[in-house]
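# Architecture and fold: a report
Each chain is listed here by its residues.
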Amino acid sequence: TDGVITGCEVSCTVNGKETHTGGVAGNAGPASEISDCVISGTVSGRSYVGGVAGQTEGDITECSFDGTVTSNDFYAGGIAGYAAGQSVVSHSTVSGTVSGRSYVGGVAGKMDKTITGCSSDCTVTGHDFYVGGMAGYADTGSEISNSFISGTATGRSYVGGLAGYTNGVI
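Residues numbered from 1 in each chain as written. Predicted model: local features only at pLDDT ≥ 70, side-chain atom pairs only at ≥ 80, totals over all residues. Heavy atoms only, no water.

With that settled, consider the overall build of the protein. Tallying secondary structure elements over the protein gives 0 helices and 24 strands in all. Counting only C-alpha atoms and orienting by the principal axes, one finds that the protein spans roughly 35 × 30 × 25 Å. With 170 residues in all, the protein has 52% of them scored as buried. Pairs at least 24 apart in sequence give 79% of the contacts found in the protein among residues at least 6 apart. Surface exposure of the protein reaches about 6700 Å², of which carbon and sulfur atoms provide 46%. Separation of charge centres in the protein, based on 6 positive and 15 negative side chains, amounts to 14 Å. (Helix = DSSP H or I, 4+ residues; strand = E, 2+ residues; numbered from the N terminus. Buried < 20%, exposed > 50% of the residue type's maximum accessible area, 1.4 Å probe, protein only. Contact = heavy atoms within 4.5 Å. Areas by Shrake-Rupley, 256 points an atom, 1.4 Å probe, with all protein chains shown as cover. Lys, Arg positive; Asp, Glu negative; His and termini not counted. Charge placed at Lys NZ, Arg CZ, Asp CG, Glu CD.)

Below, the discussion takes up the pairing of strand β11 (residues 74–77). When strand β7 (residues 47–50) meets β11, the two strands line up parallel, connected through 2 bridges. Within the sheet, the bridge partner assigned to Val49 lies in β11 and is Ala76. Both β11 and strand β15 (residues 102–105) contribute to a ladder of 3 bridges, which runs parallel. Residue pairing in the sheet places Ala76 in a bridge with Val104 of β15. (Pairing = 2+ DSSP bridges.)

This part covers unusual backbone geometry. Of note, the phi angle at Asn146 is positive, near 45 degrees, even though the residue is not glycine. For Asn146, the location among the structural elements is in the loop between β21 (143–145) and β22 (148–154). The backbone of Tyr158 sits at a positive phi, close to 55 degrees, despite the residue not being glycine. Along the chain, the position of Tyr158 falls in strand β23 (residues 157–160).

Here we come to the environment of Gly29. As for its placement among the helices and strands, Gly29 is situated in the loop between β4 (25–28) and β5 (33–35). Residue classification places Gly29 among the buried positions, given a relative accessible area of 7%. Measuring from C-alpha to C-alpha, the distance between Gly29 and Ile5 comes to 12 Å, with 24 residues separating the pair along the chain. Not counting residues within four places of it along the chain, the set of residues in contact with Gly29 comprises Thr1, Asp2, Glu57 and Gly58.

Right, let's get into the nonpolar core. Formed by 34 residues in total, the largest nonpolar core has its most connected members in Ile34, Val107, Met111 and Ile115. For this core, the secondary structure elements donating two or more residues are β4, β6 (38–45), β10 (64–71), β14 (93–100), β16 (108–111), β18 (119–126) and β20 (135–138). In this structure Ile115 touches Val89, Val107, Ala108, Met134, Glu143, Ile144, Ser145 and Ser147, once residues within four positions along its chain are discounted. (Core = buried A, V, L, I, M, F, W, Y, C linked by side-chain atoms within 4.5 Å.)

Spatial ordering of the open sheet is given by β1-β5-β9-β13-β17-β21, a layout of 6 strands whose pairing is parallel. Lying at the two open borders of the sheet, with one neighbouring strand each, are β1 (4–6) and β21. The mean inter-strand angle of the sheet, taken between neighbouring strand axes irrespective of direction, is 5 degrees. The sheet contact formed by β1 and β5 spans 3 bridges and is parallel. Looking across to β5, one finds that Val4 is bridged to Glu33. (Axes fitted to C-alpha atoms, helices over the stretch in contact; angles between N-to-C directions.)

On to the environment of Val98, then. Counting through the fold element by element, Val98 comes out in strand β14. Among the residues examined, Val98 registers a relative accessible area of 1% and is labelled buried. A sequence separation of 86 residues divides Val98 from Cys12, and the C-alpha atoms of the two residues are 16 Å apart. Other than its neighbours up to four places away in sequence, Val98 contacts Val69, Ala76, Gly77, Gly78, Val104, Gly105, Gly106, Cys122, Thr123, Val124 and Thr125.

In structure tokens, the structure reads:
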């Protein structure tokens, strides 16, 4: 999508064979806005897997995910596997489990810009590196603010309660 999705409720199982798998959208472009959505269930795929979007370059606001996100490879997040570019994830909640190989986070596996006002009550498991309760990897220029984490984060290296690794501001 590169449009607006708002006020939806999704309760399902989504299985992607390859990349970009999400409870609402596999890929959300830079003009996309996903808001006020409630998602529950299981979302799984090879890489770029998220409870709301596998990858987003747009905004995700006031969404909640309760369930299981599983990536067989990279980029797994309770809201977005990869929150890329200028994307903003705000006032969203995650509960359940998120797992993958690397770049695994309660809200985003990897993020480039902003996570604010979010909460993560997850069991986050990475089999390798960059694993965090909020974000697995927070890139240069990123910011995590006014957010709350509970649960566990487990991985091999670069593992943190908030972020597995950050070049940004927390």
